[in-house]
Amino acid sequence: MENGADQVWGGCFPVKKGHRGMEWYERATGFWTWSRHGRPMTRRWVRESVIERAQEFSAEYVIFGIHIGGYMAFRSEIAPPVPDMEDDVLGQLCEDGHAAGLKVLPYWMTTSGPNTIQLLEHPDWIVKDWEDKGEQVLCYSSPFGDFAEALTREALTKYPVDGMLYDQLTAGRGVQSTCYCIYCREEFRRTYDQEMPRSAHRGSYYDQPVVEDPDAQRLLREFQIRNARHFCQRIRHAFEEIRPEAFYIQNWLFGPMAEECGEFVDGLFGERHITTDVNEVALAHRLMKAYGRKPVWGNYSYSYHHHATFRSLESTHMALMDTVASGCSATLLDLNATDDNKNRYEDMKEAMRQVRWTTDALKDSHHVKYAAVLHSRASEEFAHDDFVPSFEGTFEVLAEQQIPLEFITEKTVQSGGLDGYKVLVMPNTAYVSDATAEAIRAFVQNGGGLVATYRAGMFDDRGQMRTADWLAALAGIRRSKIVAWDMDTWYPSMDSQVYIPSVDLTPGRGYFWYFRPNDDTPVAEGIEGRLLHFRAPYVAVYALNGTTTAARILDSDQKLVNMQPYNRRGLFPGEPRTPLVTLREGPGRVAYIAAPLEPERNRVECYEIDHLYRNVVVWAGGDAPLETSHVPPTVQLSLSESNDGSRLVVVLVNKTIHPLARGALQGGSIRYVVPVSNLELSISTAGKQVSSVETASGREVEFAQAEGRANILVRELPVAECLTLKLA
């Protein structure tokens, strides 16, 4: 390749392609498959197994793997074509697929199956650990990167493809892993004038590099980012030169890495649905969108995957609709499963029809802004084990309490991205930059709401503790010290007749704190008079004049609470001790929660915390645009509005499931979804009248108009549903 690595290392190709309005790939339904070994690759096979099946599953595009064991499914002059290939598969796929109204995207991968020939012929291209042990995955930093770029240019030149998908950027390109092949070592030596630090991990392309020296760790991470950006630059440049109208989608750019490389791609591929819990997938998709600011495609495998994990129709339907509800495009990963398994085939077609109907309903629309949840890269870096559980817990709480939410990054906050949101949530976001702090302060002073927990805002993005507590000033509090636990609980038994420790410190039984909401405040609604508890440290807080204490931690005798022989006779909460939740009204409303209530360890034994958290967010943000009644937390909703204001779209996903996790099943499997009934929704219509309500399933719903809101009754929700409210 003349356009080699040294020519662009560390640089940046100009990206000419701008946003041209609503692109086809921003809201689309896809079908993803590839050839099956042993099947003749003929034009008839392409038509029946790929094109017609994609149409049956209501797809708008098809992703097709074009390399099989190192052979190409097209007439390549760079790599050998598939033996005995009767027709040019990619050529026929483009011709017949376009005639059928489908967009066509070839698919590239780096693992051994698709690239067996290259892996055997070029062992120096393989991802290595620091002991020179291979991973059966090819490294883009090696000449394999040149090989992949050359094939990209060849396919873009010869075929009218609508785009291309690149999988496993992680493998040797450093989004997560560290490769120690000779090319990576040489590049590191040339870049930093030193040898690559040895990682504690073996070098698996799923592992994060870990070294003891923080400076060496930083260099490894920087090297990873440079490598990933470099590859994306090269592919972007090929697209710009040959087919600038084509769509470049890149897999495995999760979370903050989407920000590092997102400028070079048109879309991100969120491959998380295969074995991951559906809530985790929704979180990952939203983070990809927040950092990459690009369309996200999410996939799910129907029936069975190559690792033999069974997936039911209901789980597939639920997961794909949840992908759409997260503002992403849904892709069905078939992997030839439907060639042999026709179980509930017609039901799957109907489920995919509903998914397509929903994506069509959401075109030219945007999520209704209400709550923005701040994700901070610095907080994740400096306090990963504290921040991540709080961030993930906040997503779970708000999603299960049916509060419209989006993730937002510090960069977006600094560029005015809080405009339109009613409330910003900082879930133990301890480390934020000065620019972010100033933007948040301005947001509140302009009337925005703020909910912050525990150590939020205490440090800057360099890890330094602030001398001036800007967030405490906004909240009208003074933070003094961290209270972890009462050290007096660690004592030997004082009863000579008792030969077991008096304090129970077994896992799950240690210290905890009681608290009680103030019934005179709005955050106590629905949980008035209840005695609640949590397991976590907290910040000792003093409420200043004008600040209301909405909940107080109680002074309890931990000795009595935890004393094994005697603690079965009652509770031992004492007098109010210190504020747990404070509220302050000014230009905007600010709520501060002194403990990290969001993680599972607090909420699992005190479900009222979820309700309290919801009340706090709604108090700070004002009335939510979507209110629910008789809707269980296992039903999650999203609310979108068309850009022209002519319709509202509600997506309901029923996650009331029974999972099975037995034997060797990876990640378990959803046994069944429990239908729910009589769901009541109240949706703000901003004074407009609802003329009609349509549904993806075709079921009728009852609706009435009252005081600027549409009140809707959904009689039955089996798995998922989409409602379109037409406004007049």
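Residues numbered from 1 in each chain as written. Predicted model: local features only at pLDDT ≥ 70, side-chain atom pairs only at ≥ 80, totals over all residues. Heavy atoms only, no water.

### Description of the packing of helix H10 (residues 278–292) against helix H15 (residues 384–400)
- Taken N-terminus to C-terminus, the directions of H10 and H15 make an angle of 105 degrees; their axes are 11 Å apart at the nearest point. The pairing of H10 with H15 is recorded here as roughly perpendicular in orientation. Of the residues in H15, those in contact with Asn279, Ala282, Leu283, Arg286 and Leu287 of H10 are Phe391, Glu392, Phe395 and Glu400.
- Residue composition of the contact of H10 with H15, grouped by class: five nonpolar, one polar and three charged. (Axes fitted to C-alpha atoms, helices over the stretch in contact; angles between N-to-C directions. Helix = DSSP H or I, 4+ residues; strand = E, 2+ residues; numbered from the N terminus. Parallel < 35°, antiparallel > 145°, perpendicular 65-115°, else oblique. Contact = heavy atoms within 4.5 Å. Nonpolar A, V, L, I, M, F, W, Y, C, P; charged D, E, K, R; others polar.)

### So, the pairing of strand S21 (residues 513–517)
- A large share of S21 lies buried, amounting to four of its five residues.
- Note that S21 and strand S24 (residues 547–554) share three bridges and pair antiparallel. Within S24, the position partnered with phenylalanine 515 by the bridge is isoleucine 553. (Buried < 20%, exposed > 50% of the residue type's maximum accessible area, 1.4 Å probe, protein only. Pairing = 2+ DSSP bridges.)

### Description of the sheet that holds strand S2 (residues 61–65)
- The parallel closed barrel is built from eight strands, whose spatial order is S1-S2-S5-S8-S9-S10-S11-S14. If you compare each strand with its neighbour and ignore which way they point, the axes differ by 25 degrees on average.
- The sheet contact formed by strand S1 (residues 29–34) and S2 spans five bridges and is parallel. Bridge assignment links threonine 33 to a residue of S2, and that residue is phenylalanine 64.
- Each of S2 and strand S5 (103–108) is contacted by helix H3 (residues 89–99), which is oriented at about 155 degrees to S5, the strand it contacts most.
- Its contacts with the sheet put helix H5 (residues 143–158) on S5 and strand S8 (163–166), and the angle it makes with S8 is roughly 155 degrees.

### Considerations on the sheet that holds strand S19 (residues 449–453)
- One open sheet holds the nine strands; their spatial order is S17-S16-S18-S19-S26-S25-S24-S21-S22, and the pairing between them is mixed. Looking at the sheet topology across the chains shown, the edges are occupied by strand S17 (405–409) and strand S22 (532–534). If you compare each strand with its neighbour and ignore which way they point, the axes differ by 25 degrees on average.
- Packed on one face of the sheet, H15 meets strand S16 (371–375), S17 and strand S18 (423–426) and runs near 165 degrees to S16.
- Contacting S16, S18, S19 and strand S26 (589–593), helix H17 (residues 434–445) runs over the sheet at an angle of about 140 degrees to S18.

### Considerations on the nonpolar core
- Residues Leu424, Met426, Phe534 and Leu580 are the most contacted members of the largest nonpolar core, which totals 176 residues.
- Among the elements that make up this core, the one with the highest residue count is helix H21 (residues 608–621) (eight residues).
- The residues touching methionine 426, leaving out its near neighbours within four places in the chain, are Leu374, Val432, Ile440, Leu450, Val451, Ala452, Thr453, Ala456, Gly457, Trp470 and Leu471.
- Leu637, Val676, Ile683 and Ala710 belong to the second-largest nonpolar core, a separate cluster that totals 23 residues. (Core = buried A, V, L, I, M, F, W, Y, C linked by side-chain atoms within 4.5 Å.)

### Let's talk about unusual backbone geometry
- Positioned with a positive phi, arginine 293 is a non-glycine residue whose angle comes to about 50 degrees.
- You can see arginine 293 is positioned in the loop between H10 and strand S11 (296–301).
- By relative accessible area, arginine 293 is classed as partly exposed at 47%.
- For asparagine 678, which is not glycine, the phi dihedral falls at a positive 55 degrees.

### Here's the deal with the pattern of salt bridges
- In this structure the tally under the stated criterion is 48 salt bridges.
- Via salt bridges that share partners, Asp146, Glu149, Arg153, Arg234 and Glu241 belong to a single interconnected network. (Salt bridge = Lys/Arg side-chain N within 4 Å of Asp/Glu carboxyl O.)

### Here we look at the packing of aromatic side chains
- Scanning all chains against the criterion turns up 32 aromatic pairs.
- Taking 5.7 Å as the distance between ring centres and 75 degrees as the angle between the ring planes, the aromatic pair formed by phenylalanine 74 and tyrosine 159 counts as edge-to-face. With phenylalanine 74 in the loop between strand S4 (71–72) and H3 and tyrosine 159 in the loop between H5 and S8, the pair connects residues that are 85 residues apart, well separated along the chain. Tyrosine 159 shares its class with phenylalanine 74; the two are buried.
- An angle of 15 degrees between the planes, with centres 4.6 Å apart, marks the rings of tyrosine 431 and phenylalanine 459 as stacked. A residue pair is termed long-range when its members are at least 10 positions apart, and tyrosine 431 in the loop between S18 and H17 and phenylalanine 459 in the loop between S19 and helix H18 (470–475) qualify at 28 residues.
- Residue classification places tyrosine 431 among the buried positions, given a relative accessible area of 8%. (Phe/Tyr/Trp six-rings, centres within 6.5 Å; stacked < 30°, edge-to-face > 60°.)

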